Amino acid sequence: LTGSYDFKWLGLEKLNMFLSINNLLDRDPPFSQPSTLGNGTAGVNAIFFDTLGRTYRVGMRMTF
């Protein structure tokens, strides 16, 4: 979920504020089971799935 707002008052025409929420519903990644041959590892694939859970980002962008 991402949103932003451009300010257009009080001379702040080049100011942008933003908010971003990753993994909004805080879903857990799937946990893989080791293979039956005994040569695999179990766990979460951090390359394809988010392992941090819900994260927030808030900020401002200004142009001079």
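To start, this report covers the structure provided alongside it. (Residues numbered from 1 in each chain as written. Predicted model: local features only at pLDDT ≥ 70, side-chain atom pairs only at ≥ 80, totals over all residues. Heavy atoms only, no water.)

A short note on the packing of aromatic side chains
One pass over the full model with this rule turns up one aromatic pair. Ring geometry for Tyr-5 and Phe-7: centres 5.2 Å apart, planes at 85°, overall edge-to-face. (Phe/Tyr/Trp six-rings, centres within 6.5 Å; stacked < 30°, edge-to-face > 60°.)

Points about the side chain of Asn-16
Tracing the chain through its elements places Asn-16 in strand β2 (residues 15-22). Among the polar contacts listed, one links the side chain of Asn-16 to the side chain of Asp-6, at a separation of 2.6 Å. Those residues within four positions of Asn-16 in sequence are excluded, and the remaining contacts are Ser-4, Tyr-5, Asp-6, Gly-59, Met-60 and Arg-61. (Helix = DSSP H or I, 4+ residues; strand = E, 2+ residues; numbered from the N terminus. Polar contact = N/O pair within 3.5 Å; in protein donor to acceptor, adjacent residues only side chain to side chain. Contact = heavy atoms within 4.5 Å.)

Description of the sheet that holds β2
Taken in spatial order, the three strands of this open sheet run β1-β2-β3, and their pairing is antiparallel. Strands with a single pairing partner mark the edges of an open sheet, and in this sheet they are β1 (2-7) and β3 (55-62). Ignoring which end each strand starts from, the neighbouring axes of this sheet average 10° apart. Inspection of the sheet shows β2 paired to β3 by eight bridges, in the antiparallel sense. If you follow Met-17 over to β3, its bridge partner there is Met-60. (Pairing = 2+ DSSP bridges. Axes fitted to C-alpha atoms, helices over the stretch in contact; angles between N-to-C directions.)

Quick look at a nonpolar patch on the surface
A surface patch of nonpolar side chains, about 580 Å² in accessible area, is lined by Phe-31, Val-44, Ile-47, Phe-48 and Phe-49. Mapped onto the elements, Phe-49 comes out in the loop between β2 and β3. With relative accessibility at 37%, the residue Phe-49 sits in the partly exposed group. (Patch = residues over 30% accessible without salt bridge, like charges linked within 9 Å, V, L, I, M, F, W, Y side chains within 5 Å. Areas by Shrake-Rupley, 256 points an atom, 1.4 Å probe, with all protein chains shown as cover. Salt bridge = Lys/Arg side-chain N within 4 Å of Asp/Glu carboxyl O. Buried < 20%, exposed > 50% of the residue type's maximum accessible area, 1.4 Å probe, protein only.)

Section: the side chain of Ser-20
Relative to the helices and strands, Ser-20 resides in strand β2. Those residues within four positions of Ser-20 in sequence are excluded, and the remaining contacts are Leu-1, Thr-2, Thr-55, Tyr-56 and Arg-57.

Overview of the environment of Arg-61
As for its position among the elements, Arg-61 is in strand β3. For Arg-61, a relative accessible area of 47% gives the class partly exposed. As a C-alpha pair, Arg-61 and Phe-18 span 43 residues in sequence and 8.2 Å in three-dimensional space. Leave out the neighbours within four places in its chain, and Arg-61 touches Lys-14, Leu-15, Asn-16 and Phe-18.

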